[in-house]
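Coordinate analysis (summary)
One letter stands for each residue in the lines below.
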Amino acid sequence: MTQVTMTVNGKAVSGDVEGRTLLSEFLREGQRMTGTHVGCDTSQCGACVVHVNGEAVKSCTTLVLDIDGAEVKTIEGMTNADGSLGVIQQAFQDHHGLQCGFCTPGMVMSAAALLKDNPKPSEAEVREYLEGNICRCTGYHNIVKAIMAASGQDVAPMAAE
Ligand code: FES
Ligand code: FES
């Protein structure tokens, strides 16, 4: 076991990990932050997406030992300081971008990474960016709409679904 320390949602955390410990496991089992989900074992679904040093990564494919000292942000850190929903979270609620909610944490984290790089993405750009995030419930339309709304674009012309 090796001790690692990192910052998760602004708070210093540490834990003893094995060489094989995945970030998803460290967050869920070590830190009891269970918003980050695991939906596959082949790095395809994106339910586990978090930010490491500002970049979106799949935490199921990240070894904790490789990111010792990193700044990690998870869905639990996406609310505003007063606990209210952040802009992207609120847009998912307003535009019905979730059903079972299992993909949602990863979707929100991916959306945040996209909007940081591309503050006004086109519909095609949003769809392309979400290639690494699978949803079983929504058919994606309302997720795309929510992300475009979160970017401040008028989504009224987009069909309801
Ligand atoms: S759990 Fe499916 S990509 Fe990470
Ligand atoms: S809302 Fe159920 S998988 Fe996306």
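Let me begin by describing the structure that accompanies this report.

What counts and how
Residues numbered from 1 in each chain as written. Chains lettered and ligands numbered in written order. Predicted model: local features only at pLDDT ≥ 70, side-chain atom pairs only at ≥ 80, totals over all residues. Heavy atoms only, no water. Helix = DSSP H or I, 4+ residues; strand = E, 2+ residues; numbered from the N terminus. Buried < 20%, exposed > 50% of the residue type's maximum accessible area, 1.4 Å probe, protein only. Contact = heavy atoms within 4.5 Å. Axes fitted to C-alpha atoms, helices over the stretch in contact; angles between N-to-C directions. Parallel < 35°, antiparallel > 145°, perpendicular 65-115°, else oblique. Left-handed = near helix turned anticlockwise from the far one by under 90°. Core = buried A, V, L, I, M, F, W, Y, C linked by side-chain atoms within 4.5 Å. Pairing = 2+ DSSP bridges. Arc of directions from axis to C-beta.

Quick word on the environment of Cys135
Following the sequence through the fold, Cys135 ends up in the loop between helix H4 (123-129) and helix H5 (141-150). For Cys135, a relative accessible area of 9% translates into the label buried. Once residues within four sequence positions are removed from consideration, Cys135 is found in contact with Cys103, Met107, Tyr140 and Ile143.

With respect to the packing of helix H3 (residues 104-117) against H5
Running from N to C, H3 and H5 cross one another at 40°; their axes reach a closest spacing of 11 Å. Of the possible angle classes, the one that applies to H3 and H5 is oblique. Where H3 crosses over H5, the two elements pack in a sense that is right-handed. Mapping the contact onto sequence places Met107, Ala111, Leu114 and Leu115 in H3 and Ile143, Ile147 and Ala150 in H5.

Here we look at the nonpolar core
Ile88, Phe92, Met107, Val126, Ile143 and Ile147 are the most contacted members of the largest nonpolar core, which totals 25 residues. Within the residue set of this core, elements represented by two or more residues are helix H2 (87-94), H3 and H5. Among the elements that make up this core, the one with the highest residue count is H3 (seven residues). Discounting chain neighbours no more than four positions away, the residues touching Val126 are Leu114, Pro121, Val144, Ile147 and Met148.

Quick word on helix H1 (residues 23-30)
Along H1, the residues classified as buried are Leu23, Ser24, Phe26 and Leu27. Tucked inside the fold, the buried residues of H1 contact strand S1 (2-8), strand S2 (11-17) and strand S3 (49-52). At the C-terminal side of H1, Arg32 shows a positive phi close to 55°.

Focus on the sheet that holds S1
Spatially, five strands are ordered S2-S1-S5-S3-S4 in an open sheet, and the strand pairing comes out mixed. Since the sheet does not close on itself, it has two edges, and those belong to S2 and strand S4 (55-58), each with one partner. Recorded for the sheet is a direction-independent mean angle of 40° between the axes of neighbouring strands. Relative to S4, S3 is paired through four bridges, and the arrangement is antiparallel.

Focus on H2
Looking at H2, one finds that the buried residues are Ile88, Gln89, Ala91 and Phe92. Projected down its long axis, H2 shows its buried positions confined to an angular sector of 160°, all on one face. The inward-facing, buried residues of H2 contact H3 and H5. Looking one or two places after H2, you find His96, whose phi comes out positive at around 55°.

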